[in-house]
Amino acid sequence: MTTESAMNGQVLRMSGVTVRRGEAEPLREVDWTVEEDERWAVLGPNGAGKTSLLSVAAAQTVPDTGSAEVLGASLAGADTTELRSMVGFASSAVANRIPDAMTVLDLVISAAYGYLGRFGEEYGTVDYGRGRALLNRWGAGHLAERRFGTLSEGERKRVLITRALMADPELLLLDEPAAGLDLGGREDLLGRLGALADDIDAPTLAIVSHHVEEIPPGFTHVLMMRDGAVTAAGPVESVMTGENLSATFGLELKLERDGKRWNARAV
Ligand SMILES: Nc1ncnc2c1ncn2[C@@H]1O[C@H](COP(=O)(O)OP(=O)(O)OP(=O)(O)O)[C@@H](O)[C@H]1O
């Protein structure tokens, strides 16, 4: 599926996107445009709507009002099956749907065909080679024969990212990739995500986090949200301010930059 906007370099375009769930409005009038090769961090407190935003970006949720285009295709009234296969998406919800007994290599390779399970397909030598190479790149090569259900949290995170990359997506979305990792695991993952951000062949990237410390080096843009609405969005240099962060998290915060990394604490 090659579309006009995608060819023009626009990967995501949301305009006035509202999502309603009963009385709740996980997203309210959200505008967000992502251009090819940008690297976005989506920040906000619990319940801000970050996962709901990624779900629209992954073509898994269709807005109730407003318009959303993913890779140039409108989500309204469209069959999004093919579109979803062009977006790499790693989240705890994806992890929860993976059978515990599935081996890591099968899990990764099946993603090339858009499945969470093997379902009896025949995979070729090329698939296995690519799967192993990607696992090696993400420091998970030694886990190839392990069952997914036996992995630690950090190992799962790396395998899920590998799986999301296996289909060679044009857009990679990671929902809280560093959540639940110990300090060493977090720093290892952020280093790998920083390398991905610097890779000109990598897909356009967006990650969700609660913490500015988890923004990998090389990320170019930030979207902040609270109560389902965007509080600030744009290039890191203009959006990453203590004022924006304080308004987003609802408390006075001091934001500091140390080289390519950020940290924040209450004043
Ligand atoms: N199906 C649903 N029914 C009712 N409320 C929902 C539903 N889905 C999301 N919400 C509500 O919408 C709001 C945004 O949820 P969402 O999961 O997108 O936030 P989040 O920023 O990812 O939160 P967290 O950081 O805690 O994971 C929350 O208040 C949530 O309770």
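Numbering of residues starts from 1 in each chain and follows the order in which that chain's sequence is written. The model is predicted, so local features are restricted to residues of pLDDT at least 70 and side-chain atom pairs to those at 80 or more, both for listing and for counting; the totals for chains, interfaces and linings are taken over all residues. Calculation of side-chain values draws on the structure's entire complement of heavy atoms; hydrogens and water are dropped beforehand.

(A) The overall build of the protein chain, seen in detail. Think of it this way: any DSSP run of H or I at least four residues long counts as a helix, any run of E at least two long counts as a strand, and we number them from the N terminus. A count of helical and extended segments in the protein chain gives ten helices and twelve strands. Both definitions apply: the radius of gyration is a C-alpha atom measure, and the globule rule equals 2.2 Å times residues to the power 0.38. Against the compact-globule benchmark of 18 Å for 267 residues, the protein chain has a radius of gyration of 18 Å, which places it among compact chains. Considering only C-alpha atoms, the protein chain reaches an extent of 50 × 45 × 35 Å along its principal axes. Accessible surface computed for the protein chain: about 12100 Å², of which carbon and sulfur atoms make up 47%. By the counting rule applied here, Lys and Arg register as positive and Asp and Glu as negative, while His and the ends of each chain are not counted. Taken as the charge centre is NZ of Lys, CZ of Arg, CG of Asp or CD of Glu, depending on the residue. Across the protein chain, the 26 positively charged side chains and the 39 negatively charged ones have centroids separated by 5 Å. Using a 1.4 Å probe, the Shrake-Rupley method yields the accessible areas, and only the shown protein chains count as cover for residues.

(B) Fine view of the site of the ligand. As a matter of local geometry, the ligand sits amid 13 residues, with Gly47, Lys50, Thr51, Ser52 and His210 nearest to it. For this analysis, a polar contact is any N or O atom pair within 3.5 Å, provided that within protein one partner can donate a hydrogen and the other can accept it, and provided that sequence-adjacent residues contribute only side-chain to side-chain pairs. The contact in question runs from an oxygen atom of the ligand to an N or O atom on the side chain of Thr51, over 2.8 Å. In the complex, the protein chains occlude 58% of the 640 Å² of accessible area that the ligand would expose alone. Listed by contribution, the elements that provide at least two residues to the shell around the ligand are β2 (24-35) and α2 (50-57). Here the shell around the ligand takes three residues from α2, the largest share from any one element. What makes a residue near a molecule or strand is one non-hydrogen atom of that residue sitting within 4 Å of it.

(C) Main features of the nonpolar core. If you look at the biggest cluster of nonpolar residues, it comprises 52 residues, and the most contacted ones within it are Val159, Ile215, Val222 and Met240. Ranked by residues supplied to this core, first place goes to helix α7 (residues 153-166) with six residues. When we break this core down by domain, the ones giving at least three residues each are domain 1 (1-86 + 170-267) and domain 2 (91-168). By definition, residues are in contact when any of their heavy atoms lie within 4.5 Å. Among residues more than four places away in sequence, those in contact with Val159 are Val104, Leu107, Val108, Leu135, Ala140, Leu143, Phe148 and Leu151. By convention a nonpolar core is built from buried Ala, Val, Leu, Ile, Met, Phe, Trp, Tyr and Cys residues, the set being connected through side-chain atoms within 4.5 Å. Throughout this description, buried means an accessible area under 20% of the type-specific maximum (1.4 Å probe, protein chains only), exposed means over 50%, and partly exposed covers the range between. Residues Ala58, Leu83, Met86 and Leu173 belong to the second largest nonpolar core, which totals 33 residues. Domain extents, as shown, originate in an automatic or database domain assignment.

(D) Seen up close, a negative patch on the surface. Patch construction takes residues with relative accessible area above 30% that form no salt bridge. Like charges are linked within 9 Å, and nonpolar side chains (Val, Leu, Ile, Met, Phe, Trp, Tyr) are linked within 5 Å. A carboxyl oxygen of Asp or Glu within 4 Å of a side-chain nitrogen of Lys or Arg is what we treat as a salt bridge. A cluster of like negative charges, contributed by Glu35, Glu36, Asp37, Asp168 and Glu170, occupies part of the molecular surface. Mapped onto the elements of the fold, Glu35 is located in strand β2.

(E) Structural context of the domain arrangement of the protein chain. When cut into domains, the protein chain gives domain 1 (1-86 + 170-267) and domain 2 (91-168). Computed over C-alpha atoms only, the centres of domain 1 and domain 2 are separated by 24 Å. By buried area we mean the combined loss of accessible area, with a 1.4 Å probe, across both parts when two parts are placed together. Both faces combined, the contact of domain 1 with domain 2 buries some 1200 Å², and carbon together with sulfur accounts for 66% of it. Our count for the contact surface shared by domain 1 and domain 2 stands at one salt bridge. If one sorts the elements of the side of domain 1 that touches domain 2 by residue count, helix α8 (residues 183-198) sits on top with five residues.

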